[in-house]
Amino acid sequence: MASVSILPEPVAPPASNGGMVVNCVAYRTDGRRIGDITIDAISDVLKEPDTFVWVGLHEPDEPLLLKLQEEFNLHDLAIEDAQLAHQRTKIETYGDSLFIVAQTAQLVGGNIAFGETQIFVGQRYFVTVRHGASLSYAPARRTCEQTPELLAMGPSYALYSVLDFIVDNFLPIVRDFRQELHELENDIFAETYNRMTIKRLYDMQRELMTLRLAVVPLQDIVAQLTRLHPHLIHDELRAYFRDIYDHVFRVNESISAMREMLGAAISVNLALVTFGQNEVMKKLAGWAAMLAAPTLITSWYGMNFAHMPELQQPWAYPAITCLVACVVGIIFIALKRNKWF
């Protein structure tokens with residue numbers, strides 16, 4: 001195997017380009033790491049037939065993307081998408097290379113923050129461009145370097161590692177939301193209405209809907225990688241991509257189950273609130289009925305009749321008082337039997 005004599009001395013790429021270059025590393029085709037290189041040295045590295053390059057960028061500017069396009073001969077449309085971001089999850093084929101857009105997510109302050117990663121995959125290069133909320137792929141790269149026999153499969157194994165890293169970050173989000181829902185159950189079944197509970201349930205359902213929109217297309221992308229693109233995806237890696245597919249499927253099922261649970265929780269909360277309001281209205285109506293009876297009886301004495309039989313009887317007012325008490329008591333007993341109190 002020829003030595004890479006044209007390589008410059010190792011440098012620290014993240015310190016350049018205002019921190020937009022997270023890593024730029026050269027590898028041999030046997031999976032061994034050569035070292036960090038600069039963006040300008042990529043073309044020199046690729047002159048050697050037994051090397052490939054892994055580049056990681058974070059919110060790069062236009063000049064940096066144009067420099068990468070020059071180094072790797074990337075398609076104009078793919079560069080435009082990588083610069084603008086906010087693209088739908090998709091996979092595109094440009095000649096002998098792939099352009100993949102994947103949505104990313106992470107929990108920030110109890111809410112889901114969404115990001116986006118564009119991935120360029122060629123036979124001798126692998127480039128990730130991160131936008132928004134997205135964790136660094138340095139752990140995935142270190143894992144690859146620890147298994148050089150697999151990294152010897154080139155950029156296709158790097159693609160597997162990054163996609164697996166993205167998918168694995170979805171499951172903790174669903175798990176944390178499920179735990180939060182369990183904690184909200186006490187508020188859901190509380191006797192008093194809490195407006196913040198229903199608001200949080202709605203926010204969780206909305207965020208899970210957005211998360212599902214990011215996961216479902218990724219399932220189609222991974223399914224395609226398990227079957228197509230033989231010039232880029234090694235046959236030995238098909239099983240690995242099928243494993244990612246299983247993970248994506250499980251995440252999608254978990255999200256669907258959580259959305260149903262949240263929908264049921266919202267419905268139960270609203271039903272309990274309505275039930276509580278009905279109970280209050282029943283009690284108010286019962287008290288109104290009990291007050292209506294003495295009001296009706298005693299209102300006769302405000303009409304200033306000249307002749308009222310009970311005015312001549314000394315026991316009349318005690319009798320009327322007893323009558324009012326008996327009527328109110330009968331109404332109370334009737335309402336109590338019907339569980340209005």
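Predicted, not measured: the structure shown is a model, and the values here were computed from it. Each chain carries its own residue numbering, running from 1 in the direction its sequence is written. In view of the model being predicted, local features appear only for residues whose pLDDT reaches at least 70, and side-chain atom pairs are presented and counted only at 80 or more, with totals across whole chains, interfaces and linings using the full set of residues. Only hydrogens and water are removed before side-chain values are computed, so all heavy atoms of the structure are retained for them.

**Observations regarding the overall build of the chain**
Then step 1. Each helix corresponds to a stretch of at least 4 residues labelled H or I by DSSP, and each strand to a stretch of at least 2 residues labelled E; elements are numbered beginning at the N terminus. Scanning the chain from terminus to terminus reveals ten helices and seven strands.
Then step 2. Each residue gets one of three labels from its accessible area relative to the maximum for its type: buried under 20%, exposed over 50%, partly exposed in between, using a 1.4 Å probe on protein chains only. Expressed as a percentage of its 341 residues, the buried residues of the chain come to 45%.
Then step 3. Note on definitions: a residue-residue contact is assigned when non-hydrogen atoms from the two residues lie within 4.5 Å. Looking at the chain alone, contacts between residues at least 24 apart form 66% of all its contacts between residues at least 6 apart.
Then step 4. Of the roughly 17900 Å² of accessible surface on the chain, 57% is carried by carbon and sulfur atoms. Here the Shrake-Rupley method, with its probe set to 1.4 Å, supplies the accessible areas, and only the displayed protein chains count as covering residues.

**Description of a nonpolar patch on the surface**
Then step 1. A cluster of nonpolar side chains, Phe189, Val268 and Leu272, forms an exposed patch at the surface whose accessible area comes to about 260 Å².
Then step 2. Relative to the assigned elements, Phe189 resides in the loop between helix H7 (170-188) and helix H8 (195-225).
Then step 3. For Phe189, a relative accessible area of 56% translates into the label exposed. Like-charged residues are merged into a patch within 9 Å and nonpolar side chains (Val, Leu, Ile, Met, Phe, Trp, Tyr) within 5 Å, provided each residue has over 30% relative accessible area and no salt bridge. The rule for a salt bridge is simple: a side-chain nitrogen of Lys or Arg has to be within 4 Å of a carboxyl oxygen of Asp or Glu.

**What to know about the environment of Val121**
Then step 1. Mapping Val121 onto the fold places it in strand S6 (residues 111-121).
Then step 2. Note on Val121: relative accessible area 0%, which makes it buried.
Then step 3. Separated by 35 residues in the primary sequence, Val121 and Ser156 have C-alpha atoms spaced 7.5 Å apart.
Then step 4. Look past the residues within four positions of Val121 in its chain and what remains in contact with it is Ser97, Leu98, Phe126, Pro155, Leu159 and Leu232.

**Re the sheet that holds strand S7 (residues 125-132)**
Then step 1. Taken together, the seven strands give an open sheet; going across it, the order is S2-S1-S3-S7-S6-S5-S4, and neighbouring strands pair in mixed fashion. The strands lining the two open edges of the sheet, one partner per strand, are strand S2 (33-36) and strand S4 (90-94). Taking each pair of neighbouring strands and ignoring which way they run, the sheet shows an average axis angle of 20°.
Then step 2. Judged from the six bridges that link them, strand S3 (residues 51-58) and S7 form a sheet pairing that is parallel. Residue pairing in the sheet places Gly56 in a bridge with Thr128 of S7.
Then step 3. Where helices are involved, their axes are fitted lines through C-alpha atoms of the stretch in contact, as for all axes, and angles between N-to-C directions lie from 0 to 180°. Strands in contact with helix H3 (residues 76-84) are S4, strand S5 (97-108), S6 and S7; relative to S6, the strand with the most contacts, it is inclined by about 160°.
Then step 4. The sheet strands contacting helix H4 (residues 138-146) are strand S1 (21-28), S2 and S3, and the helix crosses S1 at an angle near 15°. A pair of strands is considered paired only if DSSP assigns at least 2 bridges between the two.

**Some thoughts on the pairing of S5**
Then step 1. Most of S5 is tucked away: ten of the twelve residues are buried.
Then step 2. As consecutive antiparallel partners, S4 and S5 are separated by two residues, and within that stretch Gly95 has a phi angle of approximately 65°, a positive value.

**Re unusual backbone geometry**
It is generally the case that most residues other than glycine have a negative phi and that most peptide bonds are trans.
Then step 1. Although it is not a glycine, Asn73 sits at a positive phi angle of roughly 60°.
Then step 2. Examined against the element boundaries, Asn73 turns out to sit in the loop between helix H2 (62-72) and H3.
Then step 3. For Asn73, a relative accessible area of 69% gives the class exposed.
Then step 4. With a phi angle near 55°, His229 is a residue other than glycine that sits in the positive phi range.
Then step 5. For His229, the position within the fold is in the loop between H8 and helix H9 (238-298).

**Focus: the packing of aromatic side chains**
Then step 1. Each Phe, Tyr or Trp ring (for Trp, its six-membered ring) is paired with any other whose centre lies within 6.5 Å, and the angle between the two planes then decides the class: stacked below 30 degrees, edge-to-face above 60, tilted in between. The tally for this structure, following the rule as stated, stands at ten aromatic pairs.
Then step 2. Both rings, one in Tyr157 and one in Tyr160, keep their centres 5.6 Å apart while their planes meet at 35°; by these two values the pair is tilted. Within this pair, Tyr157 and its partner Tyr160 are both found in helix H6 (residues 155-168), separated by three residues, close to a single helical turn.
Then step 3. Exposure remark for Tyr160: the relative accessible area of 11% places this residue in the buried category.

**Remarks on the packing of H4 against H6**
Then step 1. Between H4 and H6, the shortest axis-to-axis distance is 9 Å and the interhelical angle comes to 135°. In terms of axis orientation, H4 runs oblique to H6. Pair H4 / H6 crosses with right-handed handedness. Residues Pro139, Ala140 and Cys144 of H4 form the contact with H6, whose own contacting residues are Tyr157, Ala158, Ser161 and Phe165.
Then step 2. Residue polarity is assigned by list, with Asp, Glu, Lys and Arg as charged and Ala, Val, Leu, Ile, Met, Phe, Trp, Tyr, Cys and Pro as nonpolar; anything else, Gly included, falls into the polar class. For the contact of H4 with H6, a count of residues per class yields six nonpolar, one polar and no charged. Relative orientations are named as follows: roughly parallel for angles under 35 degrees, roughly antiparallel for angles over 145 degrees, roughly perpendicular for angles from 65 to 115 degrees, and oblique for any other angle. By convention, the crossing between two helices is left-handed when the near helix turns anticlockwise from the far helix through less than a right angle, and right-handed when the turn is clockwise.

**Structural notes on the pairing of S4**
Then step 1. Relative to S5, S4 is paired through five bridges, and the arrangement is antiparallel. Paired with Lys90 across the two strands is Val101, which belongs to S5.

**Things to note about the environment of Ser254**
Then step 1. Following the sequence through the fold, Ser254 ends up in helix H9.
Then step 2. According to the relative accessible area criterion, Ser254 is buried, its value standing at 15%.
Then step 3. Sequence spacing of Ser254 and Arg178 is 76 residues, and the spatial spacing of their C-alpha atoms is 9.5 Å.
Then step 4. In contact with Ser254, other than residues within four places in its own chain, are Leu171, Val174 and Arg178.

**As for the nonpolar core**
Then step 1. Residues belong to a common nonpolar core when they are buried Ala, Val, Leu, Ile, Met, Phe, Trp, Tyr or Cys residues joined through side-chain atoms within 4.5 Å. Formed by 58 residues in total, the largest nonpolar core has its most connected members in Leu159, Leu163, Leu211, Leu225 and Phe241.
Then step 2. Ranked by the residues each element gives to this core, the list is headed by H8, at ten residues.
Then step 3. Sequence-distant contacts of Leu163, defined by excluding residues within four places in its chain, comprise Ile119, Leu218, Leu225, Phe241 and Ile244.

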